Amino acid sequence: GGVPPAIDLVLGATAGCLACFLTNPLEVVKTRLQLQGELQPPGTYPRPYRGVLRAAVAVCRADGLRGLQKGLAAGLLYQGLMNGVRFYCYSLAEDAGWTGYPGGTVAAGAVAGAVGAVVGSPAYLVKTHLQAQTLSAMAVGHQHNHESISSAFRNIYQQHGVVGLWRGVTGAVPRVAVGSAVQLATFASAKDWVCERQWFRKGSWAAVLAGGMVSGVAVAVTMTPFDVISTRLYNQPVDAEGTGKLYRGFLDCILQISNKEGLLGLYKGIGAVYLRLGPHTVLSLFFWDKLRNM
């Protein structure tokens, strides 16, 4: 659309924040489901969260309705940073003509997502900590007990320095790179596919939503294992040197989850991931497209 990359940075950040505000409750539910039964064999631990809807009700009972928007400020900061940088880099790739080559869209989406993940990693770290916090009877995963987003950043920095703010980034980069590549590569084709079958009129909101939900299947299947790993690496307790007490890194996290929770442990919270991905994909790309046109 002839929009300069610098403008795409602002529009992408705005679109991501608008989508985040509407889908953050599913992000809270997803985080709780992914931390539930951490490194424990299936069937050996209590399950305060069962399925997306019942988990949402459990969050409301424990934390009130406001609990569904836990970590919203950190989530908005993350989406603004990550999506702003992601759309900026993707726009640069478009201007350079890289997306016109075979596989160029996938490669550009992956690289743009990886760069965005690195930039937004501190905000995602704090978001995960805040969304996991709840009453002891409903707690899953390690409880960091931050009082606010500002105190979370301050505590992490004081205890572990600047490096501590990027703890868990090794799980974030492949997560966003894979998700971004699959999302940007499948959304447009999925939208065209539902229109070709005449399920919806081309250019309609229903076609965009249906395309996002179809694309969301591919993104959820490919991204959920990376999402689980990312959540675990970000939320794990650390020692005085900032070294994780549960996982040594990305590969160790995969092996431990697979060995102790089974392969299905890597797909915990996939229902919440999917239900969030479809609307988030549609809303972020819809807002981005409309803002570009304006």
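Residues numbered from 1 in each chain as written. Predicted model: local features only at pLDDT ≥ 70, side-chain atom pairs only at ≥ 80, totals over all residues. Heavy atoms only, no water.

## What about the layout of surface pockets?
Defined as follows: Using protein atoms alone on a 1 Å grid, points that fit a 1.4 Å probe yet trap it form a cavity, whereas open point sets bounded by protein on both sides within 12 Å along at least five of seven lines form a pocket; residues with an atom within 4 Å of a point count as lining. Grid points are joined across faces, edges and corners, and a volume is the space filled by probe spheres set on the points. The way it works is that DSSP assigns letters per residue, a run of H or I at least four long becomes a helix, a run of E at least two long becomes a strand, and they are numbered from the N terminus. Gly is placed with the polar residues, together with every amino acid not listed as nonpolar (Ala, Val, Leu, Ile, Met, Phe, Trp, Tyr, Cys and Pro) or charged (Asp, Glu, Lys and Arg).
As a volume, the second largest pocket reaches approximately 300 Å³. As for the second largest pocket, its lining consists of 19 residues, of which Leu33, Tyr45, Arg47, Lys268 and Gly269 are closest to the centre. If one sorts the elements of the lining of the second largest pocket by residue count, helix H9 (residues 270–293) sits on top with three residues. Its residues placed into classes, the lining of the second largest pocket shows ten nonpolar, six polar and three charged.

## What to know about the UniProt feature "transmembrane region" (unreviewed entry) in the chain
Test applied: UniProt positions are given in the numbering used here, feature names are shortened, and annotations may be inferred rather than shown by experiment.
Taking the UniProt record as the reference, the feature "transmembrane region" (unreviewed entry) is found at residues 205–226 and 269–288. Annotated as residues 205–226, this span is 100% helix and 0% strand, and its ends, taken at the C-alpha atoms, are 30 Å apart.

## A few points about the pattern of salt bridges
What counts, and what does not: Here a salt bridge means any side-chain nitrogen of Lys or Arg lying within 4 Å of a carboxyl oxygen belonging to Asp or Glu. Only protein chains enter the accessibility calculation, which uses a 1.4 Å probe. A residue is then buried if its area is under 20% of the maximum for its type, exposed if over 50%, and partly exposed in between.
Scanning the entire structure with this criterion turns up ten salt bridges. The shortest N-O distance in the salt bridge between aspartate 63 and arginine 32 comes to 3.2 Å. Here the residue aspartate 63 occupies a position in helix H2 (residues 52–63), and arginine 32 occupies one in helix H1 (residues 5–35), the gap between them amounting to 31 residues. For arginine 248, the salt bridge is made with aspartate 252, and the minimal N-O distance between the two is 3.4 Å. By relative accessible area, aspartate 252 is classed as buried at 12%. What emerges from the salt-bridge pattern is a single network uniting Glu27, Lys30, Lys127, Arg175, Asp227 and Arg276.

## Examining the environment of glycine 242
Counted only if it meets this: Contact criterion: two residues are considered in contact whenever any of their non-hydrogen atoms come within 4.5 Å of each other.
Positionally, glycine 242 belongs in the loop between helix H7 (205–235) and helix H8 (250–261). Glycine 242 gets classed as partly exposed once you look at its relative accessible area, which sits at 21%. A sequence separation of 238 residues divides glycine 242 from proline 4, and the C-alpha atoms of the two residues are 40 Å apart. Among all residues touching glycine 242, those that are not within four sequence positions of it are His160 and Arg167.

## A closer look at the UniProt feature "repeat: Solcar" (unreviewed entry) in the chain
Feature annotation in UniProt assigns "repeat: Solcar" (unreviewed entry) to the following positions: residues 3–96, 100–193 and 203–294. End C-alpha atoms of residues 3–96 are separated by 13 Å, and the span's content is 72% helix alongside 0% strand. Along residues 100–193, the helical share is 74% and the strand share 0%, with 20 Å between the first and last C-alpha atoms.

## Here's the deal with the packing of aromatic side chains
As a reminder, the rule being used: Between rings of Phe, Tyr and Trp, where Trp is taken as its six-membered ring, a pair exists when centres lie within 6.5 Å; planes separated by under 30 degrees are stacked, by over 60 edge-to-face, and by other angles tilted. Our definition puts a charge over a ring when NZ of Lys or CZ of Arg is within 6 Å of the ring centre and also within 35 degrees of the ring normal.
Taken as a whole and judged by the stated rule, the model has four aromatic pairs. Look at phenylalanine 226 and phenylalanine 250: their rings are 6.2 Å apart centre to centre, the planes differ by 15°, and that puts the pair in the stacked class. With phenylalanine 226 in helix H7 and phenylalanine 250 in helix H8, the pair connects residues that are 24 residues apart, well separated along the chain. By way of ring pairs, the aromatic residues Tyr78, Tyr124 and Tyr234 are connected into one cluster. Arginine 86 extends its terminal NZ or CZ atom over the ring of phenylalanine 87, reaching a point 4.9 Å from the ring centre. Here the basic side chain of lysine 127 rests over the ring of tyrosine 124, its NZ or CZ set 4.3 Å away from the ring centre.

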